[in-house]
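Examining the three-dimensional arrangement
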Amino acid sequence: MSRLFLDSRAARVTWTILAILGVIGLAYAVRGVLLLIALSLFFAYLLFPVVRLTQRWVTQRRSLAIGLVYLAVLAVLVATGIAVGPRLSSEVQSLAQKLPEMSKQIQSGQMVERMLQRRGWEWREIAEIERLARAHMGEIIGYVQQAVAALLGWLAGAWVIVLIPVLAFFILKDAEQFTSATISRLSQRRHRGVGWGIAEDLHLLLGQYVRAQVLLALITFVVWAAVFLVAGVPYALVLAAIGGALEFIPVVGPLTAGILAIGVSFFGGYGHPWLVAAFVLVWRGIQDYACVPLIMGRGIEIHPALVVVGVLAGGELAGVAGMFLSVPVIAAVRIVWRRLQAPRGPLVDDREPDRAVASPQLL
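Now for a quick tour of the structure. Since we're looking at a predicted model, the values are computed, not measured. (Residues numbered from 1 in each chain as written. Predicted model: local features only at pLDDT ≥ 70, side-chain atom pairs only at ≥ 80, totals over all residues. Heavy atoms only, no water.)

Concerning the packing of helix H9 (residues 252-267) against helix H10 (residues 273-296)
Put simply, the rule is: In this analysis, axes come from line fits to C-alpha atoms, helices being fitted only over the stretch in contact, and the angle between any two N-to-C directions falls in the range 0 to 180 degrees. Per the convention used, a helix needs a DSSP run of H or I reaching at least four residues, while a strand needs a run of E reaching at least two, with both numbered from the N terminus. Angle categories are assigned with fixed cut-offs, so that under 35 degrees is roughly parallel, over 145 is roughly antiparallel, 65 to 115 is roughly perpendicular, and the rest are oblique. Take the far helix as your reference; a near helix turned counterclockwise from it by less than a right angle gives a left-handed crossing, and one turned clockwise gives a right-handed crossing. Whether two residues touch is decided by their heavy atoms; if any such pair falls within 4.5 Å, the residues are in contact. Classification convention: Asp, Glu, Lys, Arg as charged; Ala, Val, Leu, Ile, Met, Phe, Trp, Tyr, Cys, Pro as nonpolar; all other residues, Gly among them, as polar.
H10 packs onto H9 with a crossing angle of 165 degrees between their chain directions and a minimal axis gap of 8 Å. What the angle tells us is that H9 and H10 run roughly antiparallel. Note that H9 runs across H10; the crossing there is right-handed. On H10, the residues that touch Pro254, Gly258, Ala261, Ile262, Ser265 and Phe266 of H9 are Pro273, Val276, Ala277, Val280 and Arg284. Here the residues of the contact of H9 with H10 are counted per class, giving eight nonpolar, two polar and one charged.

Topic: the packing of helix H8 (residues 236-246) against H9
The geometry of H8 relative to H9 is characterised by a closest axis approach of 8 Å and an angle of 165 degrees between their N-to-C directions. By the angle class used here, H8 and H9 are roughly antiparallel. Every pair of crossing elements has a handedness; the one defined by H8 and H9 is right-handed. Of H9, the residues touching H8 (which contributes Leu239, Ile242, Gly243 and Leu246) are Gly253, Pro254, Thr256, Ala257, Leu260, Ala261 and Val264. Among the residues forming the contact of H8 with H9, the class breakdown is eight nonpolar, three polar and no charged.

Brief notes about the pattern of salt bridges
Under the convention used in this document: Definition used for salt bridges: Asp or Glu carboxyl oxygen within 4 Å of a side-chain nitrogen of Lys or Arg. Classification of residues uses two cut-offs on accessible area relative to the type maximum, computed with a 1.4 Å probe and protein chains only: under 20% is buried, over 50% is exposed, and between them is partly exposed.
Evaluation of the coordinates by the stated rule reveals four salt bridges. For Lys173, the salt bridge identified is with Asp174, shortest N-O distance 3.3 Å. The exposure class assigned to Asp174 is partly exposed, which follows from its relative accessible area of 31%. Its salt-bridge partner being Arg284, residue Glu247 comes within 3.0 Å of it at the nearest N-O pair. Linking Glu247 in the loop between H8 and H9 with Arg284 in helix H10, this pair joins segments that are 37 residues apart in sequence. A single salt-bridge network, built from bridges that share partners, covers Glu247, Arg284 and Asp288.

Below, the structure is given as structure tokens:
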């Protein structure tokens with residue numbers, strides 16, 4: 001009897017492990033679809049407060065409120081494009097035209113030599129730096145080409161981005177009913193209580209995280225654009241747009257944006273690239289130790305080492321989008337684990353709808 005019990009228990013453990021591995025494999029196989037759903041969910045959370053305000057002050061119909069918010073967002077985007085688009089487009093075209101020439105000068109060492117001579121370096125030091133640069137230039141160019149190829153490959157498949165507002169519309173419209181119907185199917189009241197607790201925690205987490213990230217990106221764009229324009233840094237709006245966009249990628253994004261800003265200012269002929277480097281370092285400190293705690297609060301308490309590992313793992317699984325999703329996914333797993341490990345009340349087998357546990361205000 002004891003052996004039969006052990007065999008059945010081992011079989012259950014084995015089947016559980018196989019089921020988990022199967023779910024992980026299936027998620028990896030359809031990671032593109034899951035990524036599209038995740039981005040749509042984030043877009044829905046970004047618009048959710050505006051939709052609720054529209055329902056309160058304009059119309060009670062959810063579909064009409066969502067449509068009005070979409071029209072308002074489109075108007076804001078068009079106005080922003082009219083205000084910033086011409087200069088941003090001209091800077092992008094100018095930078096694109098100069099990149100091949102800058103690349104040739106960097107590979108030949110002429111640009112580095114000219115920059116160092118302008119700053120009073122001796123010819124022996126310049127010759128040593130040129131020797132090191134030429135020795136490793138092939139590897140550097142190879143890494144850059146791989147990064148550009150990966151970016152172009154991602155942009156080639158980015159046409160599906162038009163589906164994000166479509167899916168977000170249905171999420172905003174029906175997610176609340178779907179969540180309620182799913183959790184109400186749980187057979188026990190205790191399980192329904194845990195389910196509503198997880199749903200409410202995830203709702204608060206995702207809403208806070210998405211809106212905080214958008215606000216941090218906008219602050220970065222505005223501050224970088226103002227400082228670079230006042231200081232006369234070349235391609236100021238392009239660098240500010242890159243800095244704001246890469247703010248969505250934890251750790252790697254701000255680091256990449258800072259390196260690009262310093263590199264473009266150095267090789268673009270700006271007279272004081274060290275000022276750009278100092279500004280990037282100071283702004284990173286302000287953003288990490290002032291803006292992030294103030295805007296994002298303490299809703300996402302993850303160890304920095306876990307963030308770095310998550311970002312690297314997300315990059316391996318899904319590229320740039322995986323890096324962006326790594327932090328909220330880790331935080332969501334942490335919330336689910338804490339809820340499941342929390343002390344539970346007595347088991348109650350109540351198959352009637354649970355009226356004691358009120359549903360949170362989800363999307």
